[in-house]
Amino acid sequence: MSNPTAYADYTTGEPLADTKAPEGPVEDRWDTRRFTAKLVNPANRRRHTVIVVGTGLAGGSAGATLAEQGYHVVQFCYQDSPRRAHSIAAQGGINAAKNYRNDGDSIHRLFYDTVKGGDFRSRESNVHRLAQISVEIIDQCVAQGVPFAREYGGLLDTRSFGGVQVSRTFYARGQTGQQLLLGAYQALSRQIAAGNVEMHARTEMLDLIVVDGRARGIVARDLVSGEITTHFADAVVLASGGYGNVFYLSTNAMNSNATAIWRAHRRGAHFANPCFTQIHPTCIPRTGDHQSKLTLMSESLRNDGRIWVPRAAGDTRPAAEIPEDERDYYLERIYPSFGNLVPRDIASRAAKNVCDEGRGVGPGGQGVYLDFADAIARLGRKAVEERYGNLFEMYERITAENPYEVPMRIYPAVHYTMGGLWVDYDLQTTIPGLFAIGEANFSDHGANRLGASALMQGLADGYFVLPATVNDYLARNPGHDTPGPEHPAVAAAVAETRERLHRLVGVDGDRSADSFHREIGELMWEYCGMSRNAEGLRKALDRIPQIREEFWRRIKVPGTEGEFNQSLERANRIVDYLELAELMCLDALHRAESCGGHFREESQTPDGEAARRDEEFGYAAAWEFTGTGRAPVLHREDLVFAYVHPTQRSYA
Amino acid sequence: MKLTLRIWRQHDPDAPGGMAAYDVEGISPDMSFLEMLDTLNERLTVEGQDPVAFDHDCREGICGACSLVINGEAHGPERTTSCQLHMRSFRDGDTIDVEPWRAAAFPVVRDLVVDRGAFDRIIQSGGYVSVPTGAAPEAHATPVPKAAADSAFEHAECIGCGACVAACPNGSAMLFTSAKVNHLGALPQGAPERETRVLDMVAQMDAEGFGGCTLTGECATACPKGIPLTSITAMNREWLRASRKVPRG
Ligand SMILES: Cc1cc2nc3c(=O)[nH]c(=O)nc-3n(C[C@H](O)[C@H](O)[C@H](O)COP(=O)(O)OP(=O)(O)OC[C@H]3O[C@@H](n4cnc5c(N)ncnc54)[C@H](O)[C@@H]3O)c2cc1C
Ligand code: SF4
Ligand code: FES
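Predicted model only: the values in this text are computed from it and were never measured.

J.: Explain the overall build of chain B residue by residue, including any values.
T.: Helix and strand counts for chain B come out as 8 helices and 7 strands. With the principal axes as the frame, chain B shows a C-alpha extent of 60 × 40 × 35 Å. Considering chain B as a whole, with its 249 residues, one finds that 59% of them fall into the buried category. Contacts spanning at least 24 positions in sequence make up 69% of the contacts within chain B whose residues lie at least 6 apart. Carbon and sulfur atoms make up 51% of the accessible area of chain B, which amounts to about 9,300 Å² in all.

Below you can see the structure in the form of structure tokens.
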């Protein structure tokens with residue numbers, strides 16, 4: 001098998017540049033780009049096919065919009081219906097710089113907050129465009145019938161979210177993602193009915209087809225019949241979501257996976273900043289080894305709940321018996337001006353620190369209290385119920401504890417991945433004709449994503465950015481012949497897929513896919529989780545190839561490839577996690593600075609905060625694949641900050 | 001906890017199905033129902049038997065994928081989704097029956113997995129507002145009274161799980177269809193297509209082979225999102241109103 005030290009000996013290749021963002025003032029760049037983009041004659045659009053993999057906010061909105069423009073769209077999701085994509089689970093809200101509250105918000109402020117929140121590791125052009133488009137998203141969604149929260153005067157309500165000082169988050173109770181996704185799903189349904197979108201549900205993309213250097217199709221598996229199919233197009237769009245499930249336990253849906261982007265990476269798409277993962281501070285702690293996923297409790301709870309642990313390590317008294325002066329409201333103590341509302345990465349790390357000191361609460365000491373007693377005393381139970389009733393109910397259902405009476409217990413969990421396929425300003429990857437949108441790309445959040453910004457990005461990409469830039473690509477690359485199944489590149493991709501599945505079924509070992517998933521997940525959480533150091537990362541890099549080797553010796557997949565087989569689906573996703581995990585650790589090892597969600601213990605300020613090293617690491621790291629277990633090549637994209645000047649984040 | 005499970009096993013739509021019994025041990029009351037099934041599947045896998053197929057994804061009660069009939073009740077004894085049902089709702093030593101949704105319009109795919117494509121086709125027949133991207137007016141151009149917005153939201157909460165159909169003795173999809181009709185009907189944005197929407201969606205529902213509604217109310221009792229039975233009566237009124245206005249042959 002591969003040699004782990006060789007993997008870490010990456011080489012550095014040519015720097016990478018975003019050649020698509022126009023020069024000029026940042027606020028004019030999107031207009032300029034749209035103007036310079038070539039258009040496809042409406043009469044010719046029907047002859048172009050675009051594949052869209054995914055039906056979440058990004059894919060759903062992109063598929064519907066491309067079809068409305070007249071393209072023939074062929075779309076995929078692994079669920080039984082496009083309506084069930086993981087975006088459905090988003091709770092808190094979506095940001096937009098509407099400034100309806102007249103509280104000083106503006107496009108520039110949203111741009112500024114997002115660049116700063118991302119700890120100066122995102123691209124200014126992209127983020128500014130995102131802030132500009134945010135206002136159009138709200139208009140579009142309202143017109144679709146998305147039932148956002150409203151005030152008595154009939155106007156839209158907003159709230160402040162995730163450590164910003166303006167109220168720019170639009171929401172639909174605790175189900176914003178559901179309502180936005182149903183809006184996109186309904187728009188998509190209208191296009192399916194019109195015959196403009198050919199929808200393949202319960203179909204999983206297993207490889208990308210690249211012909212003459214261009215993305216021309218995908219290899220997929222019909223999850224019901226097991227049949228391997230090929231689909232061809234003039235452009236391929238990946239909207240397959242994030243890869244947080246590499247950690248096994250996360251807030252992602254159970255079947256969210258990295259296969260689409262990882263297979264594209266293997267075919268030549270560079271993977272950027274894979275180590276940038278977001279750990280969300282307020283999730284329900286795990287209860288035992290049976291735990292299959294973690295449930296997020298909306299960040300909005302931190303507006304009124306107070307976070308604390310006992311002052312003394314090993315204090316096992318019930319919360320109610322711990323007197324006030326023996327409690328440590330540690331966020332309020334360490335960060336007096338932001339208190340319980342510090343950004344996610346800071347809140348998460350602080351929770352880990354107090355638990356590491358032995359002051360954690362609940363089973364295994366892996367939890368901290370989120371206490372509403374003061375809020376209930378101050379506002380009354382009814383007001384608290386109005387604000388958080390559904391969340392309290394969900395908490396009680398899962399834990400059998402009543403948060404009106406005993407404090408909630410929370411602990412950080414993997415939630416979102418800022419890294420993803422490298423894309424330029426047009427959202428095109430390093431493979432011409434292959435685009436990546438939504439959580440699947442790396443573009444807008446740098447090293448840390450602000451709350452309520454993923455929904456904004458997914459819809460900005462899908463409704464507005466991608467349809468414009470795909471247009472340009474198709475106008476410049478017209479009239480390719482469709483490659484047939486006999487084309488060597490197609491035949492090779494199909495053969496490799498079949499061989500992989502056949503091999504998985506053929507091992508006939510003694511360990512389930514889940515057991516391997518747990519093992520790799522625990523390793524990643526330990527060494528590439530909330531805080532990282534060179535020694536631990538090297539350990540993980542040694543261990544991963546061993547797990548991979550064991551996997552191919554001991555995996556047990558009952559049944560065959562040619563039938564409905566959920567064990568095979570899982571095992572095949574783990575093949576990709578076992579490679580992606582290695583790249584994440586290498587990326588984390590090479591980035592010997594702390595920034596955003598990436599905390600390197602070796603790089604901290606005297607008071608234990610993340611210390612960025614802009615001179616050495618002010619770039620996005622885009623990795624090129626060279627073979628399983630073989631050292632990848634690093635391409636740096638230097639980040640230039642002309643508008644928001646890098647400062648050390650301070651929330652004290 | 002120790003339990004006996006009796007689970008519907010069916011290899012494919014055309015194969016005969018039947019109940020098979022399995023004992024499971026070491027079940028924690030903190031486990032969700034699906035985590036309990038995970039432990040069974042882990043054992044079956046290692047023993048080289050086919051694990052039980054079931055649909056699930058979010059495990060948070062929002063995606064609508066999970067779909068189990070537990071002891072004869074859609075989503076089991078509590079008013080929630082199968083994934084949010086916890087083992088503390090059962091007692092040590094219980095025998096639990098687990099079956100798929102049963103309805104003519106939801107054919108079994110394998111074991112506990114059914115095909116709910118009919119729901120997608122009902123939405124495709126009219127469950128949307130026709131507003132292409134870019135064509136939207138400023139969001140505040142049309143204020144929406146809070147009561148209308150709240151009512152729209154309450155109907156929009158439907159997760160498309162199909163428990164209403166599974167619970168209905170007639171296998172009717174009226175609750176699901178009415179939830180979307182009333183969501184969009186409550187809003188000014190949905191008004192222009194109000195008549196065609198209800199007529200087309202009801203026609204599609206009938207074409208899919210769902211049963212007729214006799215207002216037994218089992219659907220609303222099973223619905224994990226609390227879509228009320230009045231949603232159906234409201235849709236009936238909408239349909240009558242529309243069919244007078246838009247006569248169809
Ligand atoms: C619990 C939770 C709460 C959140 N709350 C918020 C919030 O309040 N605000 C906010 O802004 N963000 C929030 N987020 C983040 C946000 O929800 C996601 O980042 C976003 O929805 C991702 O959308 P997407 O369209 O990129 O991908 P997804 O919604 O993940 O969709 C992925 C799609 O790709 C398909 N797919 C994947 N792989 C394949 C394959 N190989 N073949 C075929 N199809 C495939 C899937 O079927 C699915 O349709 C939250 C996330 C979580 C987990
Ligand atoms: S109406 Fe209720 S039971 Fe029926 S599909 Fe919707 S959420 Fe499920
Ligand atoms: S698995 Fe999503 S609702 Fe149950």
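Now that the structure is up, let's keep going.
J.: Tell me about the interface of chain A and chain B, residues and numbers included.
T.: On the side of chain B, 77 residues touch chain A, which itself brings 76 residues to the contact. Here chain A and chain B share an interface that buries about 6,100 Å² over both sides, 51% of which is from carbon and sulfur atoms. Connecting chain A to chain B are 6 salt bridges. When the shortest N-O distance is used, the salt bridge between Arg110 of chain B and Glu563 of chain A registers 2.7 Å. Joining chain A to chain B, the criterion identifies 43 residue pairs in polar contact (both at pLDDT 80 or more). When residues in the side of chain A that touches chain B are grouped by element, the largest group, 9 residues, is from helix H7 (residues 176-193) of chain A. Partitioned by chemical class, the residues of the side of chain A that touches chain B number 29 nonpolar, 28 polar and 19 charged.

J.: I'd like a rundown of the domain arrangement of chain A, residues and numbers included.
T.: All names here are of chain A. Per the domain assignment, the segments making up chain A are domain 1 (48-275 + 418-476), domain 2 (280-415) and domain 3 (487-619). A straight line from the C-alpha centre of domain 1 to that of domain 2 covers 31 Å. Carbon and sulfur atoms make up 52% of the area that domain 1 and domain 2 hide from each other, which totals about 1,800 Å². It is Gln91, Leu249 and Thr251 that lose the most area in domain 1 upon contact with domain 2, and together they represent 35% of the buried surface on that side. Counting every contact that joins domain 1 to domain 2 gives 0 salt bridges. A breakdown of the residues in the side of domain 1 that touches domain 2 according to their chemical character gives 5 nonpolar, 14 polar and 1 charged.

J.: If you had to explain the sheet that holds strand E10 (residues 228-232) of chain A to someone new, which residues and values would you point to?
T.: Residue and element names in this part refer to chain A. Taken together, the 3 strands give an open sheet; going across it, the order is E8-E9-E10, and neighbouring strands pair in antiparallel fashion. What marks the edges here is a single partner per strand, and that holds for strand E8 (203-211) and E10. Across the sheet, the mean angle from the axis of one strand to that of its neighbour is 25°, orientation sign disregarded. By the bridge criterion, 8 bridges tie E8 to strand E9 (residues 214-222) in an arrangement that is antiparallel. When the sheet's bridge partners are listed, Val211 is paired in E9 with Arg214.

J.: Mind laying out the site of ligand 2, listing which residues take part and the relevant values?
T.: Residues and elements named next belong to chain B. What surrounds ligand 2 is a group of 13 residues, the closest being Cys158, Cys161, Gly162, Cys164 and Cys223. Where the shell around ligand 2 is concerned, the elements lending two or more residues are helix H4 (163-167) and helix H5 (174-185). Looking at the shell around ligand 2 residue by residue, the class counts come to 11 nonpolar, 2 polar and no charged.

J.: Go over the pattern of salt bridges, please, and point to the residues and values.
T.: As enumerated under the stated definition, the model contains 74 salt bridges over all chains in all. Put simply, Glu151 of chain A and Arg101 of chain A hold a salt bridge, and the shortest N to O gap is 3.2 Å. Placement of the pair is Glu151 of chain A in the loop between helix H6 (124-144) and strand E5 (158-159) and Arg101 of chain A in the loop between strand E4 (94-95) and helix H5 (107-117), with a sequence separation of 50 residues. Given a relative accessible area of 35%, Arg101 of chain A falls into the partly exposed group. When the shortest N-O distance is used, the salt bridge between Glu99 of chain B and Arg102 of chain B registers 3.2 Å. One salt-bridge network, in which partners are shared between bridges, spans Lys20, Arg33, Asp424, Asp426, Asp472 and Arg476 of chain A.

J.: If you had to explain the domain arrangement of chain B to someone new, which residues and values would you point to?
T.: Residues and elements named next belong to chain B. Under the domain assignment, chain B is made up of domain 1 (3-109) and domain 2 (117-245). Each of domain 1 and domain 2 has a C-alpha centre, and the two are 29 Å apart. At the junction of the two partners, domain 1 supplies 16 residues and domain 2 supplies 20 residues. Carbon and sulfur atoms make up 63% of the area that domain 1 and domain 2 hide from each other, which totals about 1,200 Å². When the buried area of domain 1 at its contact with domain 2 is split by residue, Arg79, Ala105 and Phe106 rank highest and sum to 41% of it. Between domain 1 and domain 2 we count 0 salt bridges in total. Our count for the domain 1 to domain 2 interface comes out at 3 residue pairs in polar contact (both at pLDDT 80 or more). A class-by-class count of the residues in the side of domain 1 that touches domain 2 yields 9 nonpolar, 5 polar and 2 charged.

J.: A description of the nonpolar core should follow, citing residues and the corresponding values.
T.: Ranked by internal contacts, the top residues of the largest apolar core, which has 236 residues, are Ile94, Phe148, Leu238, Leu504 and Phe551 of chain A together with Phe210 of chain B. Residues contacting Leu238 of chain A, with those up to four places away along its chain left out, are Val53, Met205, Ala260, Ile261, Ala264, Leu421, Leu434, Phe435, Ala436, Ile437 and Ala440 of chain A. Ranked by size, the runner-up nonpolar core spans 26 residues in total, among them Met31, Leu37, Cys66 and Met87 of chain B.

How each quantity is defined
Residues numbered from 1 in each chain as written. Chains lettered and ligands numbered in written order. Predicted model: local features only at pLDDT ≥ 70, side-chain atom pairs only at ≥ 80, totals over all residues. Heavy atoms only, no water. Helix = DSSP H or I, 4+ residues; strand = E, 2+ residues; numbered from the N terminus. Buried < 20%, exposed > 50% of the residue type's maximum accessible area, 1.4 Å probe, protein only. Contact = heavy atoms within 4.5 Å. Areas by Shrake-Rupley, 256 points an atom, 1.4 Å probe, with all protein chains shown as cover. Buried area = accessible area lost by both parts, 1.4 Å probe. Salt bridge = Lys/Arg side-chain N within 4 Å of Asp/Glu carboxyl O. Polar contact = N/O pair within 3.5 Å; in protein donor to acceptor, adjacent residues only side chain to side chain. Nonpolar A, V, L, I, M, F, W, Y, C, P; charged D, E, K, R; others polar. Domains from an automatic or database assignment. Pairing = 2+ DSSP bridges. Axes fitted to C-alpha atoms, helices over the stretch in contact; angles between N-to-C directions. Near = heavy atom within 4 Å. Core = buried A, V, L, I, M, F, W, Y, C linked by side-chain atoms within 4.5 Å.

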